[in-house]
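Summary of the model geometry
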Amino acid sequence: MIEWSSPGWLWGLVVLPLVWALHKLRARRGELAVSAVFLWRFAASEETTGSRWSSADPAWRRRALILALLILAEAGARWTDSRSIEIWLDDSVSMLVDEGEAKRHEMALQVLREAMEDLSPFRAVIHSLTYPGRSVRFDSLSANRWEGEVDSWFQDPGPGVQMPLAMEMSPDAVHWLVTDGADSDVNRWADTAQLSRIVQVGRARDNLALTALALRPSLKGENGLNGVLELANTGDAEARRTIELHVGEHMLRSWSVVVSSGGTETLTFDLPDPVDGPIIARSKPADALVYDDELALAYPQRVRARLFGACGRHLSTALSVHPALTFPSGDGNDVDLAVVCGNGEAGAAGRARLRFQRTERSHTLGKPVLWTSGARELKHVFLDHRWLRAFPAGAFGPDSGKALLAAGSEWLIASNENPREIDVRLDMEFQAFAEQPEYPVLIAGLIERLLPEARLDRVHAARRSSGESRIAPLPMPEPMAGPDRISGGAGVDLSPYLIIGAIGLLVLDMRRCIGRAEKFAKPV
């Protein structure tokens, strides 16, 4: 490919049409009186006839080419090989380590920038090792345009490195690796890959990471939460830290911990009351990798529910003690779940609706009840038909939604997805059913199905891999491809050849002009 050391001279090519214009607008020859025209037939054959706007002298092409060659020579035309540099950049979490004078990724980009200055001219592409397919291309003419884009990669580091396959590494390119060497996967890949240069940065080795924060409803209290916090020391030395647990600006708990090198620590805690915001765990003082000194978990808030109609004693009690529900005071309809009993009507603002039908008198079921395939988790709730009574179908039928529970051809529970609602025909005040342990389990299962995510007995957790927090550099192997030699080196300077060509054309043009003048002046 052709590179230019002074590309500004290329703007001079815009004057080439002026050469044509000068030949087009040249003045006609003056008249010369002679004794006989036939004696001057050679001159007449070359003399342009017609107006001064006749065709331009074909010699303008040769002279424009001479000017173009001189301009290209001044622009510093240089022929370089078409091979390029492919740079595989480790943009994982460990590259965010603060080394004191700068962060690791800043040091790596600085080293890379200096290496590029020594190799100009060049063509290069930088590949991300955490997001395959993310890359930036540039050359020596746009060398300053890649830094901002590559630096933005470290605002959202990937979950882990994914090493390229051999087929992804072009055999016609020179390959570099830029890393801190903290990931053993990168080291193993570098040991076998055809790399010409390995750039390693970073010295810090000690780091304590918060690797997991988990919460679940308390097994001891009605409204409390049980929590677990896990720490991992990925450094070489013992770590002493103060761990704090916050909700907003309020600190809930704090611990002083000592974690041995390579060890882990698990902290358990109980929260007696629900939290009204994200729970944040912090490690103090901060270490070299601030990224893993904090871990946040947004625990789902309780669902706002409201009862519409007369729900009966047993059903009302089961709903009131549900740990995921809260019943705000007032008459507003802006709730997440509307529970409708009998002929009650829910306001349109309810996002999900659970309706317990109640019409006339209930009747016993003569056949066993079966869950359909659409019941999903509900099919684990065992229901004996001898416990159950149901109300007549009335408007309730197959067209009202997907059947979840049926006794023969009789539909007992059905659901709709849009809007989200469940209709129940079972008599929830039947004493034999209300005394069974399956009674609150069924109600909880119906509520869980209507909610966007499960609330009961589910562990909500925020986690990160301890491997991401290993920052100690490991020894890197020697490049297998040997010293990096970009084929073509600095390239071949074409300027002397262009100047020689321009001189040759100029000599040819002068000879043509002299020959033409002699032919024009010689009578026959």
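Read on for a plain summary of the structure.

Calculation notes
- Residues numbered from 1 in each chain as written.
- Predicted model: local features only at pLDDT ≥ 70, side-chain atom pairs only at ≥ 80, totals over all residues.
- Heavy atoms only, no water.
- Helix = DSSP H or I, 4+ residues; strand = E, 2+ residues; numbered from the N terminus.
- Contact = heavy atoms within 4.5 Å.
- Areas by Shrake-Rupley, 256 points an atom, 1.4 Å probe, with all protein chains shown as cover.
- Salt bridge = Lys/Arg side-chain N within 4 Å of Asp/Glu carboxyl O.
- Buried < 20%, exposed > 50% of the residue type's maximum accessible area, 1.4 Å probe, protein only.
- Pairing = 2+ DSSP bridges.
- Axes fitted to C-alpha atoms, helices over the stretch in contact; angles between N-to-C directions.
- Expected span 1.5 Å × (residues − 1).
- Polar contact = N/O pair within 3.5 Å; in protein donor to acceptor, adjacent residues only side chain to side chain.
- Parallel < 35°, antiparallel > 145°, perpendicular 65-115°, else oblique.
- Left-handed = near helix turned anticlockwise from the far one by under 90°.
- Nonpolar A, V, L, I, M, F, W, Y, C, P; charged D, E, K, R; others polar.

Thoughts on the overall build of the protein chain
Regarding its fold elements, the protein chain presents 10 helices and 26 strands. Summarising the internal contacts of the protein chain: among those between residues at least 6 apart in sequence, 70% fall at separations of at least 24. Counting every atom, the protein chain has about 28,000 Å² of accessible surface; 54% of that belongs to carbon and sulfur.

Considering the pattern of salt bridges
All told, the structure shown has 19 salt bridges when counted by the stated rule. Between Asp509 and Arg62 there is a salt bridge; the shortest N-O distance is 2.9 Å. Residue Asp509 is located in helix H10 (residues 495–521), and its partner Arg62 is located in helix H3 (residues 59–74); the two are separated by 447 residues in the primary sequence. Residue Asp509 shares its accessibility class with Arg62, and that shared class is buried. Notably, a salt bridge pairs Glu101 with Arg203, separated by 3.6 Å at the nearest N-O pair. Placement of the pair is Glu101 in the loop between strand E3 (85–89) and helix H4 (104–117) and Arg203 in the loop between strand E7 (197–200) and strand E8 (208–217), with a sequence separation of 102 residues.

Observations concerning the sheet that holds strand E10 (residues 239–247)
Spatially, 4 strands are ordered E11-E10-E13-E14 in an open sheet, and the strand pairing comes out antiparallel. Strand pairing shows two members of the sheet lacking a second neighbour, strand E11 (250–259) and strand E14 (294–297), which therefore form its edges. Looking at each pair of strands side by side, their axes are set apart by 15° on average, direction ignored. The sheet contact formed by E10 and strand E13 (residues 279–284) spans 6 bridges and is antiparallel. Counted as the bridge partner of Ile243 is Ser283 from E13.

Observations regarding the sheet that holds strand E9 (residues 225–233)
With respect to topology, 4 strands assemble into an open sheet ordered E12-E9-E8-E25, the strand pairing being antiparallel. The open sheet has two edge strands with one neighbour each: strand E12 (264–271) and strand E25 (460–463). Ignoring strand direction, the axes of neighbouring strands in this sheet form an average angle of 15°. Both E8 and E9 contribute to a ladder of 9 bridges, which runs antiparallel. When the bridges of E9 are listed, Pro217 appears paired with Leu225.

Description of the environment of Val339
If you trace the backbone, Val339 turns up in strand E17 (residues 337–341). Along the backbone, Val339 and Leu307 are 32 residues apart, and their C-alpha atoms lie at a distance of 4.9 Å. If we skip the residues at most four places from it in the chain, Val339 touches Arg306, Leu307, Phe308, Leu319, Leu354 and Phe356.

Observations concerning H3
Helix length check: H3, at 16 residues, gives a terminal C-alpha distance of 23 Å against a target of 22 Å (1.5 Å per residue), a fit within 8%. Those residues of H3 lying buried are Ala59, Arg62, Ala64, Ile66, Ala68, Leu69, Ile71 and Ala73. The first or second residue beyond H3 is Gly76, which carries a positive phi of 75°.

As for the environment of Asp293
Secondary-structure assignment places Asp293 in the loop between E13 and E14. With relative accessibility at 4%, the residue Asp293 sits in the buried group. Those residues in contact with Asp293, other than ones at most four positions away along the chain, are Leu208, Leu210, Ala281, Arg282, Ser283, Ala286 and Asp287. Here Asp287 takes part through its backbone nitrogen, which lies 3.1 Å from a polar atom of the side chain of Asp293.

A look at the packing of helix H1 (residues 16–24) against H3
Direction vectors running N to C along H1 and H3 enclose 150°, while the axes themselves pass 9 Å from each other. Judged on the interaxial angle alone, H3 and H1 are roughly antiparallel. Our pair here, H1 against H3, has a crossing hand that is right-handed. Packed against H1, whose contacting residues are Leu16, Val19, Trp20 and His23, the element H3 presents Ala59, Trp60, Arg63, Ala64, Leu67 and Ala68 at the interface. Partitioning the contact of H1 with H3 into residue classes produces 8 nonpolar, 1 polar and 1 charged.

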